[in-house]
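Chain by chain, the residues:
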Amino acid sequence: MSPGPNVLADLGGRLSRFTERWIPDSWVVCMMITVLVLALAMAGAGVSPHAAALAWGGGMWTLLELSMQLSLALVAAHACVSSRPIFRSLEKLSGLSNPDRPVQAVVVMAIFSLTTAYFNWALSLVASALFIPFVCRKNPKTDVRLLAAAAYLGQGTVWHGGLSGSAPLILATPGNPLIAPAGGAPILDRLVPVTETIFTPFNLIYLLVVAAAGLLTLSLLHPRKDVVTLSPEQVDSMMPRIPELPPERATVAGRLDRFRGWTILAAVLIAYPLGYALVTHGFTAWNINAYNMVFLTAALLLHGRPESLVRSFANGAATAAGVILQFPFYAGIFGVMKNTPLGEWLGQLFVSISSARTFPLVVYAYSALMTAFVPSGGSKWLIEAPYLLPAARQLGVSVSTTVLSYAYGDSTGHLIQPFWAIPILTVTRLRFGDVVGYNVLVFAACFVVSVIAMLLIPLAL
């Protein structure tokens, strides 16, 4: 191994040991962020403690629909992964690397995360989390902390510029709050199709470059000493479980429970409206509900028997436990950002120091910062867009440039934000502090690439 990789791997190990000692559980991080945002609201935006507390409480239940959508996405994705066909596919994929070369296992894990994240963020989070024990079983010498960081790579690089990117999809959706806000003037005068955002050559090139930067960085970080590995018993406890079905009952109820027609009927009832929407409205019908319909349809068909489907959902419920616990608290933070002048105060603070050339970089950095306060990319976009888009118009910056700059910052910020790492941490029984040391170095590499991209994007869009 060359001296450069040795230095980087040692630095990653030292950072990991530091964060293991100092970074608490992800829910505690959420509460620390809550304290910070309340303090900023009072000290920076001049909000009284009474008003800040009411704003937090007023936001706590405003994202229940979104939290249910996200929970369903995670559990449905888990049901797909725990089906026999997908289980066998993951076993084959995990054998692509040499057991004596831990770095190869990290690369396989990272490529899997990147590929799935481009197509869908929820699929990537769940499938990557559940892929970790498969890789550990075939590659017992690989550091599990680095595998967890690799499993999170797609969420921190390509997801928001991919097919499930929330902000670009919101701009392309008819009747979205920016086109038709409740009780206010429209912020946009037209829809922005995905051909002007996620399918532009600039975006596709950026995703390839930032993914390569993250992948290369991770490949250099595997520690030479103090490697944290798992015992066969620990790996076995992490493996997704193909549902064990009870003995068949020779009764009417037993035959009804085994009848595959129920799952086929449910799959048709879900898939038909989705197919009709796609035929009549095109890609504008593609949103989180559409993705959930795809996951549910796939889970129904992959499991076949109702008993297997029901048990797979029960087994996957733990995957969404962190979302269920933490989302109301992040919704409270959302409430402070939305219901007080804090969000606009922060936005104007950044916008005031930018020009047409530097505005994309400012939006990128601002979006990455705001991810610490509101980790949901779609919700955060609805907070920021009402003042970022008018500022962009004033500076002569295109909507496409603004939304992509926002999307890239949101993705990069996720690398050091614990919320979306919850499924991975749940499966591996790791704490966020165990992996964030490695993520910080990946963040640094992606940040450098993105800064260069933000200086170039005004020339391309």
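Residues numbered from 1 in each chain as written. Predicted model: local features only at pLDDT ≥ 70, side-chain atom pairs only at ≥ 80, totals over all residues. Heavy atoms only, no water.

## Digging into the confidence of the model for the chain
For residues with low pLDDT, the predicted coordinates do not support detailed interpretation.
Inference 1: On average, residues of the chain score 84 in pLDDT, and 92% of them reach the 70 mark or higher.
Inference 2: Looking at the elements of the chain, mean pLDDT is at its lowest for helix α1 (residues 3-22), recorded as 66, and at its highest for helix α11 (residues 201-219), recorded as 96.
Inference 3: Scored below 50 in pLDDT, residues 1-5 shows 3 contacts in the model against residues more than four places distant or in partner chains. (pLDDT = per-residue confidence, 0-100. Helix = DSSP H or I, 4+ residues; strand = E, 2+ residues; numbered from the N terminus. Contact = heavy atoms within 4.5 Å.)

## What to know about the side chain of threonine 297
Inference 1: Relative to the elements of secondary structure, threonine 297 occurs in helix α15 (residues 288-303).
Inference 2: Separated by 2.7 Å, the side chain of threonine 297 and the backbone oxygen of methionine 293 make a polar contact.
Inference 3: Leaving out residues up to four positions away in the same chain, threonine 297 has contacts with Ala267, Ile270 and Ala271. (Polar contact = N/O pair within 3.5 Å; in protein donor to acceptor, adjacent residues only side chain to side chain.)

## Thoughts on the packing of helix α19 (residues 359-370) against helix α20 (residues 377-395)
Inference 1: Interhelical geometry of α19 versus α20 gives an angle of 165 degrees and a closest axis separation of 12 Å. In terms of orientation, α19 lies roughly antiparallel with respect to α20. Note on packing geometry: the crossing formed by α19 with α20 is right-handed. In this structure, α19 contributes Phe359, Val363, Tyr366, Ser367 and Met370 to the contact, and α20 contributes Lys380, Glu384, Tyr387, Leu388, Ala391, Ala392 and Leu395.
Inference 2: Taken together, the residues of the contact of α19 with α20 break down into 9 nonpolar, 1 polar and 2 charged. (Axes fitted to C-alpha atoms, helices over the stretch in contact; angles between N-to-C directions. Parallel < 35°, antiparallel > 145°, perpendicular 65-115°, else oblique. Left-handed = near helix turned anticlockwise from the far one by under 90°. Nonpolar A, V, L, I, M, F, W, Y, C, P; charged D, E, K, R; others polar.)

## So, the packing of helix α8 (residues 144-151) against helix α23 (residues 432-460)
Inference 1: Interaxial distance between α8 and α23 falls to 9 Å at its minimum, and their mutual angle equals 65 degrees. The chirality of how α8 crosses α23 is right-handed. Between α8 and α23, the contacting residues are Arg145, Leu146, Ala148 and Ala149 on the first element and Asp434, Val435, Tyr438 and Asn439 on the second.
Inference 2: Here the residues of the contact of α8 with α23 are counted per class, giving 5 nonpolar, 1 polar and 2 charged.

## Overview of the environment of aspartate 410
Inference 1: Examined against the element boundaries, aspartate 410 turns out to sit in helix α21 (residues 399-414).
Inference 2: Sequence separation between aspartate 410 and valine 374 is 36 residues, and the spatial gap between their C-alpha atoms is 9.9 Å.
Inference 3: In this view, aspartate 410 contacts Trp159, His160, Ser367, Ala368, Thr371, Pro375, Gly377 and Lys380; residues no more than four positions away in its chain are not counted.

## Quick look at unusual backbone geometry
Inference 1: Of note, arginine 429 is a non-glycine position whose phi angle comes to about 60 degrees, a positive value.
Inference 2: Its place among the elements puts arginine 429 in the loop between α22 (422-428) and α23.
Inference 3: Under the relative-accessibility criterion, arginine 429 is labelled exposed at 53%. (Buried < 20%, exposed > 50% of the residue type's maximum accessible area, 1.4 Å probe, protein only.)

## What about the environment of tyrosine 291?
Inference 1: Within the element layout of this structure, tyrosine 291 appears in helix α15.
Inference 2: Taking relative accessible area as the criterion, tyrosine 291 reaches 8% and is therefore assigned buried.
Inference 3: Separated by 127 residues in the primary sequence, tyrosine 291 and proline 418 place their C-alpha atoms 23 Å from one another.

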